[in-house]
Amino acid sequence: MDFLYQVLIYIHVLSVIASIGPFFILFPLIKKLPEAEQLLESYLETFRFVVTLTKHAGHVLVGSGILLVVTGPWTWGTPWIVMTLVIMFGSLFFLARAFSPLLRQFREGNQDKPALASKLHYALWKYLVLLALMLWFMVAKPALWW
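Residues numbered from 1 in each chain as written. Predicted model: local features only at pLDDT ≥ 70, side-chain atom pairs only at ≥ 80, totals over all residues. Heavy atoms only, no water.

A. A look at the confidence of the model for the chain. When pLDDT is averaged along the chain, the result is 91; 99% of the residues meet or exceed 70. Ranking the elements of the chain by mean pLDDT puts helix α5 (residues 100-108) last, at 85, and helix α1 (residues 3-20) first, at 95. (pLDDT = per-residue confidence, 0-100. Helix = DSSP H or I, 4+ residues; strand = E, 2+ residues; numbered from the N terminus.)

B. Summary view of the side chain of Thr54. Assignment of secondary structure puts Thr54 in helix α3 (residues 40-71). The class of Thr54 is buried, set by a relative accessible area of 5%. The contact partners of Thr54, leaving out residues within four places of it in the chain, are Ala18, Ser19, Pro22 and Phe23. (Buried < 20%, exposed > 50% of the residue type's maximum accessible area, 1.4 Å probe, protein only. Contact = heavy atoms within 4.5 Å.)

C. Just a nonpolar patch on the surface, in detail. A surface patch of nonpolar side chains, amounting to about 620 Å² of accessible area, comprises Met1, Ile9, Tyr10, Val13, Leu14 and Ile17. Structurally, the position occupied by Val13 is in helix α1. (Patch = residues over 30% accessible without salt bridge, like charges linked within 9 Å, V, L, I, M, F, W, Y side chains within 5 Å. Areas by Shrake-Rupley, 256 points an atom, 1.4 Å probe, with all protein chains shown as cover. Salt bridge = Lys/Arg side-chain N within 4 Å of Asp/Glu carboxyl O.)

D. Fine view of the packing of helix α4 (residues 79-98) against α5. At a closest axis distance of 4 Å, the pairing of α4 and α5 adopts a crossing angle of 5 degrees. Considered as vectors, α4 and α5 are oriented roughly parallel to each other. Contacts between α4 and α5 involve Ala96, Arg97 and Ala98 from the first element and Ser100, Pro101 and Leu102 from the second. Taken together, the residues of the contact of α4 with α5 sort by class into four nonpolar, one polar and one charged. (Axes fitted to C-alpha atoms, helices over the stretch in contact; angles between N-to-C directions. Parallel < 35°, antiparallel > 145°, perpendicular 65-115°, else oblique. Nonpolar A, V, L, I, M, F, W, Y, C, P; charged D, E, K, R; others polar.)

E. The environment of Leu33, seen in detail. Among the secondary structure elements, Leu33 is positioned in the loop between α2 (26-32) and α3. It is 37 Å that separates the C-alpha atoms of Leu33 and Ala140, two residues lying 107 residues apart in sequence. Ignoring anything within four residues of it in the chain, the contact list for Leu33 reads Leu40, Tyr43, Leu44, Phe106, Lys113 and Leu120.

F. Inspection of the packing of aromatic side chains at higher detail. By the definition in use, this model includes nine aromatic pairs. Note on Phe23 and Tyr127: the rings are 5.2 Å apart at their centroids and 65 degrees apart in plane angle, and the pair reads as edge-to-face. Here Tyr127 lies in helix α6 (residues 113-140) and Phe23 lies in the loop between α1 and α2, a separation of 104 residues in the sequence. The class for Phe23 is buried, based on a relative accessible area of 0%. Each residue in the set Phe23, Phe47, Phe94, Phe99 and Tyr127 is aromatic and connected to the rest through ring pairs, giving one cluster. Between the NZ or CZ atom of Lys141 and the centre of the ring of Trp80, over which it lies, the distance is 4.6 Å. (Phe/Tyr/Trp six-rings, centres within 6.5 Å; stacked < 30°, edge-to-face > 60°. Lys NZ or Arg CZ within 6 Å of the ring centre and 35° of its normal.)

G. Broad picture of the pattern of salt bridges. Tallied over the entire structure, the rule returns four salt bridges. With a shortest N-O distance of 2.3 Å, Glu45 and Arg48 are connected by a salt bridge. One end of the pair, Glu45, and the other, Arg48, are both in helix α3, three residues apart, so they sit about a helical turn from each other. The network of salt bridges with shared partners includes Glu41, Glu45, Arg48 and Arg107.

The structure is reproduced here in structure tokens:
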């Protein structure tokens with residue numbers, strides 16, 4: 001394995017960490033949202049920042065993944081790559097619809113905050129399961145068909 005390919009793998013792994021890791025700080029934050037009054041805006045801004053950060057890390061993840069396929073031994077038709085891409089495109093639609101509308105409702109103020117926090121908590125878990133599933137495909141590299 002040449003040095004460039006190893007560097008690309010390293011960048012890819014770091015971007016996975018940056019794409020998944022920040023979401024875990026949101027769990028304690030979500031618990032505080034229903035009771036938050038003065039700090040509500042800062043909590044919501046933290047949530048928005050985490051989503052933005054992970055989106056940009058996702059750009060690095062996708063870019064390094066493309067370079068790994070182009071320069072490495074895998075093809076675009078490899079089952080684990082196909083499944084990762086399918087889940088990734090699905091997760092993009094999920095990410096766009098899961099968090100922003102709920103955060104907007106929190107800002108409106110006249111909503112049931114505990115119910116919104118519960119929805120955010122559930123959406124966060126669903127998104128993390130999608131990310132973990134993509135991670136499993138990239139690590140396990142299962143031969144689903146051949």
